[in-house]
There are 4 protein chains.
Amino acid sequence: MAMVCLSDFEAYAKKYLPKIAWDYFAAGADDCVTRDENILAYKRIRFRPRMLQDVSVMDIRTKILGTEISFPVGIAPTGFHQLAWPDGEKSTARAARAMNTCYIASTYSTCTLEEISMAAPGGLRWFQLYIHRNRAASQQLVWRAQTLGFQALVLTTDVPYTGKRRDDIRNGFRLPPHMKVKNLERDFEGDDCSEYGLPPNSLDPSVTWKDIDWLRSLTHLPIIIKGILTKEDAELAVRHGVQGIIVSNHGGRQLDEGPATIDALVEVVEAVRGRVEVYVDGGIRKGSDVLKALALGAKCVFIGRPALWGLAYKGEEGLQEVLRILQDEFRLSMALAGCSSVSEIGRHLVQLSKL
Amino acid sequence: MAMVCLSDFEAYAKKYLPKIAWDYFAAGADDCVTRDENILAYKRIRFRPRMLQDVSVMDIRTKILGTEISFPVGIAPTGFHQLAWPDGEKSTARAARAMNTCYIASTYSTCTLEEISMAAPGGLRWFQLYIHRNRAASQQLVWRAQTLGFQALVLTTDVPYTGKRRDDIRNGFRLPPHMKVKNLERDFEGDDCSEYGLPPNSLDPSVTWKDIDWLRSLTHLPIIIKGILTKEDAELAVRHGVQGIIVSNHGGRQLDEGPATIDALVEVVEAVRGRVEVYVDGGIRKGSDVLKALALGAKCVFIGRPALWGLAYKGEEGLQEVLRILQDEFRLSMALAGCSSVSEIGRHLVQLSKL
Amino acid sequence: MAMVCLSDFEAYAKKYLPKIAWDYFAAGADDCVTRDENILAYKRIRFRPRMLQDVSVMDIRTKILGTEISFPVGIAPTGFHQLAWPDGEKSTARAARAMNTCYIASTYSTCTLEEISMAAPGGLRWFQLYIHRNRAASQQLVWRAQTLGFQALVLTTDVPYTGKRRDDIRNGFRLPPHMKVKNLERDFEGDDCSEYGLPPNSLDPSVTWKDIDWLRSLTHLPIIIKGILTKEDAELAVRHGVQGIIVSNHGGRQLDEGPATIDALVEVVEAVRGRVEVYVDGGIRKGSDVLKALALGAKCVFIGRPALWGLAYKGEEGLQEVLRILQDEFRLSMALAGCSSVSEIGRHLVQLSKL
Amino acid sequence: MAMVCLSDFEAYAKKYLPKIAWDYFAAGADDCVTRDENILAYKRIRFRPRMLQDVSVMDIRTKILGTEISFPVGIAPTGFHQLAWPDGEKSTARAARAMNTCYIASTYSTCTLEEISMAAPGGLRWFQLYIHRNRAASQQLVWRAQTLGFQALVLTTDVPYTGKRRDDIRNGFRLPPHMKVKNLERDFEGDDCSEYGLPPNSLDPSVTWKDIDWLRSLTHLPIIIKGILTKEDAELAVRHGVQGIIVSNHGGRQLDEGPATIDALVEVVEAVRGRVEVYVDGGIRKGSDVLKALALGAKCVFIGRPALWGLAYKGEEGLQEVLRILQDEFRLSMALAGCSSVSEIGRHLVQLSKL
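Residues numbered from 1 in each chain as written. Chains lettered and ligands numbered in written order. Predicted model: local features only at pLDDT ≥ 70, side-chain atom pairs only at ≥ 80, totals over all residues. Heavy atoms only, no water.

Draft legend 1. Quick peek at the relation of the copies chain B and chain A. At an RMSD of 0.0 Å, chain B and chain A line up after a rotation of 90° and a shift of 0.0 Å along the axis. Classification of the inter-copy transformation places it as that of a four-fold axis. Comparing interface residues between copies, only 3% of those in chain B also lie at the interface in chain A; the contact surfaces differ. (Least-squares fit on C-alpha atoms with pLDDT ≥ 70 in both. Contact = heavy atoms within 4.5 Å.)

Put into structure tokens, the structure is as follows:
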């Protein structure tokens, strides 16, 4: 079977992953409206392509927080990569480095930060952080990430409690015994780690904007805030001094029936007015989706599930293949829209549906 | 089979209830457009969730007409609970009391008001009233309800005649011989009770706003008017001194192709301008629907069919399970939207589709 | 099988009519977009029902051109009733008279005007006219209709040529040998009557507004113009002194992808400003459709295919059943919307979708 | 099987063509959104037909660049006609001449320009040009076309690189060994002609507006620019002195999720303000689509895939049948809309959906 586009990898993963793992990765909250809207919303946006531009030399590189990446697609933080491929996050790290892009490692990794770092020294990596009730545990994670050379902290803000994912409940989802949330293994040793590998309610639902200051007191790393969907929160994020915003609805896994991220991006970008970088995840399935996100003001996009499908297909190699397809499609759609470099992509390239 | 969400109960009820009972509960008028729109209209509303609010302590209680309930979901008046469960409305009353919420008992109960009261002493109950051509019968009902401690009268206004429900006609729906509209058993003894358990055309189609005054002359109970769908009628209701309005289209069982209730709620709330409490029923299928209704100005919502599915599943216990699921989902969606108490829910939480 | 609503008759007709006849009646032009839109457009209109109106005494009568009918639904002109029932238009005429409503007999009847008249003396009938290249033939028809007591002429304007109905072409539709366009039998005797029972291109495509004057010179009967879909033509019709306008797209059988008639009605009614009566046909499938049409300004609606389904079911009796169902549904929907007489129906009763 | 409308030819071609050929002709880029939107967008446009116009004499002729054609439908440039019919473009040329319309021969023909010319001397033909990296090859083509009497050059602007057509990749599409891009056979002799019959990346992606001047320096033929979708490019085209614009998205085969051509036509026509002729291709499937395009300002439309289906059915004869059906449908829809000549068609005839 030829792997021509990302949905080929999706079909492969659906076919070959254990049902419980596929369901976990595919899950959306409640009726999965937002999960599916993330994709549908892209389809409602129309390009306004320009002809007869010289696109003989294509430059698709960009910079995020000052660091160059090969094209504006990074790996979003997702949990439990060993469910997709035995080597887990180590393969992810290697693939991201090979493709010269950024990998946001999740707190919920099945490899330790140290293993991830050693698997692909020199790769550009950010670390995704949840704030636990056990603050010491979170603090230790920050320090480890900083020490290991992770270049930014990504604070997830949309999980005061875990969203209701019906299939995981029906399946009685638990990590297989040989997998662990390894980064926090010692912190919760002996506890009942039945909720996605950690004790129930281990995340701190009392976190507020003030904790951005607490986080900043722990580290000199740039702080990126993930999960923002409104202009009000975008403004607050800027005022609290974050270096970047990831517009995200957690792949539709938290609050169902919130906005599609590409729709929320428009609102957030307008509110931010260029003061910090804005990224987006959710619903990216082909290169032209990346182009749309950039046209609407994203500096870079991050892919979640497609990265997992790539891992499920062939580990590091499969993920590289996913990224390479996206890269080729992105380059081609840029050229066909009349842009030869990322700097030429702008709001004029797209028309939002009146819907 | 795990009962994870309300549609699990629906599937159960559809599978295990006699077809004639299922069809009666599921029925909508004519083409069932409004019945289905009640649900679809919720899906068109998007949340605008706020991040980094302290949601560690959640308070989902509210008050209706001054009485506290455990969360803003009550039981809407529906008929013939014995069709769903042998104990009928007695189970409903017990479940509502156990969950500390309000149960609106229907005139068309298969238990008497007295049986309902004795089944769950001390529970918060309102009584739903039709005005019959036989006014003495209606008057007696009001007095019995008042005597038994029902705390409000809910006057249904959208049934001058019964809507045309095709499946009931095809099925030749009649109550099984051992079931009766017990509250009115004596009033219509010996009559041909072939129309939903009462004589054909027993309801009074000449009722007008003036009869609100008549009703008030009978009782000191607060009067709530059910079935309002326009701002004009909302204004009239307020002027006629009602204490509350239930925005309702009778579950889509009366006039087909009227508005979805959540759409009408917006119009009614705007017209009422806080002068009386506004409630809504129809189409509530998950906790986030409750959150949307409250964001749009409802003080509380009422569930009809989902309560019947709960009864059909396991009687009192099944209904409690339905309510508990809604409660958990409502609490979670509140937290994920950034609200820790009902008082923080407001219009800013939602975006209406431009459709 | 219980005949509960009009689609039951449709299902019956589809099952029992010869395919060639069913296809002929069901046909729309080209892709049948307009045929189907006629129905879908009704579904996009929402009622704004009013509560607590005294609807104990319902009066659903109305007048068209000064003549009272039992309710605002007449029989639209359609051809070849013998394809549906052996007695053809004679049964139609009897049913219309029995139900005290108006029957517009088609030029393309399989009974003569004389047979129709004798079948149901005293019934309210209008005569639908095409203008043929053979003007003498059309002139004779006008005189016969006038002599026989038809009370208006309905000039069809949307058939300069016959629309392209793919199924009729595929079926090689021809009238069975024992059926004829009897009204014109003598005029085209011996001709090749292969195009819907008449010689190909027998209709006059040069007819213009001036021919309204010609028509008026032939008869003292009121002239109603059928097929108007725009405000421009509505204005021209009024200026040319017609007595009524039927907003119609010929059941979607002529120009495909024109407007649904209920949508065009709004535009036409606004242009006419009450100067003449406006009627509508196309897409009426239940009583509440009639209510919507009247709310939007129609004085009366006419049904085409549903009448044929009634005939196919049981001839005169079947058509009466169709009309009785519509009557009951119309009365009920009026009552549920808060109107007790046709004069109370108005624009305030409906909300047009913003689509 | 009767061939009644264009989709009959589509069904035939799908059934009888080799899958690889059918897939090639049917292919759209990526998710095929734009390919399908080209058709759907027509369905959203409503006619505003006028009645009682004299349509007894119909004149459907028009002129493009001053030359009369029998009706405003020409043959769009598509490649590899031998995949549809052994005689390939020779049949196409003969059919176009027989129907007295314009055929735009593609650079990617499987017959030479000389063979095409000799097959149908005297036919109205334009030549579609790509600019190759090997400019001498393109230059030679221009001169040959001019010498052979082609009356205009059509410069395709939307293929700096070939779009991603998944099915062609999956099928490993290659021309059968006995077929060649004959016009360029000598220029690429011995090369690896694996990309649609030419060496990979043979087209010049550095072409800009300045190359219009280069092209003009080569020939006195009028230059028509194909692939314009925005007002900005339309303005540039006029300023660069082209004689005509074809609004096209290459049948949805290049950039997916650009606008439907009929939607883009409105924007382009408005920008051009009559300074040059504007044409459109993509999505034309029936005569009324042609009428809509003309109502929105197109001087003529061009059909791509339907012409190939005609060839696949019966070569020259099949294509004539396709054109004849379109002609008949166009004439009929004009008449039913109230127009007797092309000059009467205007913007007033259509209503754009508010969507």
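There is more to say after this.
Draft legend 2. Summary view of the pairing of strand 7 (residues 153–156) of chain C. Residue and element names in this part refer to chain C. Burial along strand 7 is two-sided: Leu-153 and Leu-155 and Val-154 and Thr-156, pointing in opposite directions, are all buried. As paired strands, strand 6 (residues 125–129) and strand 7 are joined by three bridges and run parallel to one another. Bridge assignment links Leu-129 to a residue of strand 7, and that residue is Leu-155. Following the backbone out of strand 6, through helix 6 (residues 135–147) and into the adjacent parallel strand 7, one traces a crossover that is right-handed. (Buried < 20%, exposed > 50% of the residue type's maximum accessible area, 1.4 Å probe, protein only. Helix = DSSP H or I, 4+ residues; strand = E, 2+ residues; numbered from the N terminus. Pairing = 2+ DSSP bridges. Right-handed = clockwise from strand over helix to strand, strands pointing away.)

Draft legend 3. Spatial organisation of the relation of the copies chain A and chain D. Rotating chain A by 90° about the axis while translating it 0.0 Å along that axis superimposes it on chain D, leaving an RMSD of 0.0 Å. Taken together, the interface assignments show that only 3% of the residues at the interface of chain A recur at the interface of chain D, consistent with different surfaces on the two copies.

Draft legend 4. Representation of the interface of chain B and chain A. In this complex, chain B contributes 31 residues to the contact, which on the side of chain A involves 37 residues. Summed over both partners, the interface of chain B with chain A buries about 2900 Å², with 59% contributed by carbon and sulfur atoms. Broken down residue by residue, the surface that chain B buries against chain A is led by B:Met51, B:Leu52 and B:Leu336, which jointly contribute 25%. The interface formed by chain B and chain A contains 11 salt bridges. Put simply, B:Asp8 and A:Arg170 hold a salt bridge, and the shortest N to O gap is 3.0 Å. Summed over the shared surface of chain B and chain A, the number is 17 residue pairs in polar contact (both at pLDDT 80 or more). For the side of chain B that touches chain A, the element with the most residues is helix 12 (residues 305–337) of chain B, which contributes seven residues. (Buried area = accessible area lost by both parts, 1.4 Å probe. Salt bridge = Lys/Arg side-chain N within 4 Å of Asp/Glu carboxyl O. Polar contact = N/O pair within 3.5 Å; in protein donor to acceptor, adjacent residues only side chain to side chain.)

Draft legend 5. How the structure looks around empty space enclosed by the protein. All names here are of chain A. The tally for this structure, following the rule as stated, stands at 14 cavities of 30 Å³ or more. For the largest cavity, the calculated volume is near 610 Å³. Forming the boundary of the largest cavity are 41 residues, of which Tyr-24, Pro-77, Tyr-130, His-250 and Arg-253 lie nearest the centre. Broken down by secondary-structure element, the contributors of at least two residues to the lining of the largest cavity are helix 2 (19–26), strand 11 (300–303) and helix 12 (305–337). Counted by class, the lining of the largest cavity contains 19 nonpolar, 15 polar and seven charged residues. If you add up the space inside the second largest cavity, you get close to 520 Å³. (1 Å grid on protein atoms, 1.4 Å probe; cavity = no way out; pocket = protein on both sides within 12 Å on 5 of 7 lines; lining within 4 Å. Points joined across faces, edges and corners; volume = space filled by probe spheres on them. Nonpolar A, V, L, I, M, F, W, Y, C, P; charged D, E, K, R; others polar.)

Draft legend 6. Representation of the side chain of D:Arg125. Residue and element names in this part refer to chain D. Structurally, Arg-125 is set in strand 6 (residues 125–129). Buried Arg-125, no salt bridge; nearest opposite-charge side chain is Glu-114, N-O distance 11 Å. Beyond its immediate sequence surroundings of up to four residues, Arg-125 is in contact with Ala-93, Tyr-103, Ile-116, Ser-117, Ala-120, Phe-150, Gln-151 and Ala-152. (Lys, Arg positive; Asp, Glu negative; His and termini not counted.)

Draft legend 7. Spatial organisation of the arrangement of the chains. Regarding chain A and chain C, which are not in contact, the minimum distance between any of their C-alpha atoms is 10 Å. Separated throughout, chain B and chain D approach each other most closely at a C-alpha pair spaced 10 Å apart.

Draft legend 8. A look at the packing of helix 11 (residues 287–295) of chain A against helix 12 of chain A. Residue and element names in this part refer to chain A. Taken N-terminus to C-terminus, the directions of helix 11 and helix 12 make an angle of 60°; their axes are 7 Å apart at the nearest point. In terms of their interaxial angle, helix 11 and helix 12 are classed as oblique. For the pair helix 11 and helix 12, the crossing hand works out as right-handed. Of the residues in helix 12, those in contact with Gly-287, Ser-288, Val-290, Leu-291 and Leu-294 of helix 11 are Leu-326, Glu-329, Phe-330, Ser-333, Met-334 and Ala-337. For the contact of helix 11 with helix 12, the per-class residue count stands at seven nonpolar, three polar and one charged. (Axes fitted to C-alpha atoms, helices over the stretch in contact; angles between N-to-C directions. Parallel < 35°, antiparallel > 145°, perpendicular 65-115°, else oblique. Left-handed = near helix turned anticlockwise from the far one by under 90°.)

Draft legend 9. The arrangement of the interface of chain A and chain D in detail. Contact residues are listed per partner, giving 31 residues for chain A and 37 residues for chain D. Taken over both partners, the interface formed by chain A and chain D buries close to 2900 Å², and the fraction arising from carbon and sulfur atoms is 59%. At the boundary of chain A and chain D, one finds 11 salt bridges. Here A:Arg48 makes a salt bridge to D:Glu267, at a shortest N to O gap of 2.2 Å.

Draft legend 10. Quick look at the pattern of salt bridges. For the structure on display, the rule yields 113 salt bridges over all chains. Salt-bridge contacts for B:Lys286 lead to A:Asp31; the nearest nitrogen and oxygen are separated by 3.0 Å. On the criterion of chain membership, the pair formed by B:Lys286 in the loop between strand 10 (277–281) and helix 11 (287–295) and A:Asp31 in the loop between helix 2 and helix 3 (33–43) is interchain, its members lying in two chains. Taking relative accessible area as the criterion, B:Lys286 reaches 1% and is therefore assigned buried.

Draft legend 11. Seen up close, the UniProt feature "active site" (unreviewed entry) in chain A. On the UniProt side, "active site" (unreviewed entry) is annotated at positions that read A:His250 here. Position of A:His250 among the secondary structure elements: in the loop between strand 9 (244–247) and helix 10 (261–272). (UniProt positions renumbered as here; feature names shortened; annotations may be inferred.)

Draft legend 12. Spotlight on the environment of C:Arg285. Residue and element names in this part refer to chain C. Residue position: Arg-285 is located in the loop between strand 10 (277–281) and helix 11 (287–295). The exposure class of Arg-285 is buried, given its relative accessible area of 18%. When neighbours within four sequence positions are excluded, Arg-285 is seen to be in contact with Leu-6, Ile-39, Arg-305, Pro-306 and Trp-309.

Draft legend 13. Summary view of the packing of aromatic side chains. Here the structure, examined in full by the defined rule, presents 60 aromatic pairs over all chains. Between C:Phe80 and C:Tyr108 the ring centres are 5.9 Å apart and the planes differ by 70°, which places this aromatic pair in the edge-to-face class. Remark: C:Tyr108 occurs in the loop between strand 5 (103–105) and helix 5 (113–119) and C:Phe80 occurs in the loop between strand 4 (73–75) and helix 4 (89–98); sequence separation between them is 28 residues. An identical accessibility class is assigned to C:Phe80 and C:Tyr108; each is buried. When the centroid spacing of 6.1 Å and the interplanar angle of 75° are considered together, the rings of C:Phe127 and C:Phe150 count as edge-to-face. Taken together, the residues C:Phe127 in strand 6 and C:Phe150 in the loop between helix 6 and strand 7 connect sequence positions 23 residues apart. One aromatic cluster is present, built from ring pairs that chain together A:Tyr24, A:Phe25, A:Phe80, A:Tyr108, A:Tyr130, A:Phe173 and A:Tyr196. Sitting over the face of the ring of D:Phe150, D:Arg125 holds its NZ or CZ atom 5.8 Å from the ring centroid. (Phe/Tyr/Trp six-rings, centres within 6.5 Å; stacked < 30°, edge-to-face > 60°. Lys NZ or Arg CZ within 6 Å of the ring centre and 35° of its normal.)

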